[in-house]
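# Chain and residue survey
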Amino acid sequence: MRLNTLPRAGLAVTPTPLQPLPNLTEHLGGPTILVKRDDLTGLAFGGNKARKLDYLMGDALQKKADIIVTGAGFHSNWCTQTAAACCKLGLPLILVKSGPQDGYDPDQWDGNHLLHHLYGADITILKEGSGQRRQEITDELRAQGRNPYLMPVGGSTPLGAAGYVHCMLELLTQAVDQTTEITHLYHATGSGGTQTGLALGAKALNTGIKVVGVSTGFGDSARRIENLLRLSHETAEFLEIETRLTEADINVLDQYSEGYGYATEAKTEAIKLLAEKEGLLIDPVYTATAMAALIDDARTGKLTEDDTAVFLHTGGTAALFPYRDTLKAHTQGKPLPWKIPQWNPDYTG
Ligand SMILES: Cc1ncc(COP(=O)(O)O)c(C=O)c1O
């Protein structure tokens, strides 16, 4: 495996802790539940992108990039962590983001959008065509004699996925140290690099861990599985891993997100439960979706007391604040005031 010879930028603080969640375990009364704290990876408010950026920025530095171009959704965690990485490494950043739709107040700086400004990124917001614009900007910079590095949305390339093969190796070491047999790992899945790396690592290292990616609402699951398989083959080849994933290794649950960033009762309940039982903060877009699935599987007996399930906390907690009115309503026992936030591309005003 080539993992140890790839250049890294030294951005991610690892290993992240593997901790028990005893109160949640007792409350649900089924599986033993642990948390892998990738919200403590040390870039911005932490999160999964730090592991990907370690390898992606290592590559950018090796290629002597002098500017980074990327983007994603309006409140993107990827953009936040990339912006933090750029500041640490002294590289300028151009962000081309998608959304918001009608009804948006451009002066409403909040959550990740506020952080993108604090990190001094050059920000453009487009309702459509942001991917094409990123490519055009990269070409224009190159024509001007600059050396831009275009990072794909979410960093889900073989280099980015390498960060999560590495995470699986780390998790296995921790399981050995703690003499724990992990049966399941639940995490939020979006652009797919996290799941690809984890599932490939789990199989290649013969861990026996079932990696369960909980969809946060990007497209249909058949297309998602196809993309994950393709990325996993590219990653295996790139890392010189002989193992290949098949469809049976890709577990995707897509019933816990009604749409990307949509507010649901199950997600707000998961946020409140984790806060009250464990003092742990999770976010309404990604990690609460994964936790809602884990809670449901524990309540419905899909996970039993013979199981040990790890919840991978992939960060994203800056998103708590833009959802303040929905979280306030849940806390006060009132109906959620909206389902689709106005910065979501599905929002129609
Ligand atoms: C907090 C958080 N968790 C999980 C994910 C999903 O990771 P991936 O894009 O690798 O599927 C993201 C992606 O943006 C994220 O921001």
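Refer to the structure printed above.
Residues numbered from 1 in each chain as written. Predicted model: local features only at pLDDT ≥ 70, side-chain atom pairs only at ≥ 80, totals over all residues. Heavy atoms only, no water.

In this structure, the amide linkage connecting Thr 14 to the following residue, Pro 15, adopts the cis form with an omega of 0°. Tracing the sequence through the fold places Pro 15 in the segment before β1 (18-20). One non-glycine residue with positive phi stands out, namely Ala 44, at about 55°. Position of Ala 44 relative to the elements: it lies in the loop between β2 (32-37) and α2 (49-62). Residue Ala 44 is classed as partly exposed on the basis of its relative accessible area of 30%. Although it is not a glycine, Lys 64 sits at a positive phi angle of roughly 55°. Mapped onto the elements of the fold, Lys 64 is located in the loop between α2 and β3 (67-70). (Helix = DSSP H or I, 4+ residues; strand = E, 2+ residues; numbered from the N terminus. Buried < 20%, exposed > 50% of the residue type's maximum accessible area, 1.4 Å probe, protein only.)

As a general point, the strands of a sheet are linked pairwise by backbone hydrogen bonds and lie either parallel or antiparallel. Reading across from one edge, β5-β4-β3-β6 is the order of the four strands in this open sheet, with parallel pairing throughout. What marks the edges here is a single partner per strand, and that holds for β5 (122-126) and β6 (148-150). When the angles between neighbouring strand axes are averaged without regard to direction, this sheet yields 15°. This element, helix α3 (residues 77-89), spans β3 and β4 (93-98) of the sheet and lies at about 175° to β4. (Pairing = 2+ DSSP bridges. Axes fitted to C-alpha atoms, helices over the stretch in contact; angles between N-to-C directions. Contact = heavy atoms within 4.5 Å.)

Along the polypeptide, Ser 257 turns up in the loop between β9 (251-253) and α9 (265-278). Along the backbone, Ser 257 and Asn 147 are 110 residues apart, and their C-alpha atoms lie at a distance of 39 Å. When sequence neighbours within four positions are dropped, the list of residues in contact with Ser 257 reads Ser 215, Thr 216, Gly 217 and Thr 289. Of note is the side chain of Ser 257, whose polar atom sits 3.1 Å from the backbone oxygen of Gly 259. (Polar contact = N/O pair within 3.5 Å; in protein donor to acceptor, adjacent residues only side chain to side chain.)

On to the nonpolar core, then. Among the nonpolar cores identified, the biggest contains 41 residues, and Leu 53, Met 57, Ile 68, Tyr 149 and Met 151 are the most heavily contacted of them. Split by domain, the residues of this core number at least three in each of domain 1 (2-47 + 156-331) and domain 2 (49-155). The residues contacting Ile 68, other than those within four sequence positions of it, are Met 57, Ala 60, Thr 82, Cys 86, Leu 91, Pro 92, Leu 93, Ile 94, Tyr 149 and Met 151. Among the nonpolar cores identified, the runner-up in size contains 38 residues, and Tyr 186, Ala 288, Ala 309 and Ala 319 belong to it. (Core = buried A, V, L, I, M, F, W, Y, C linked by side-chain atoms within 4.5 Å. Domains from an automatic or database assignment.)

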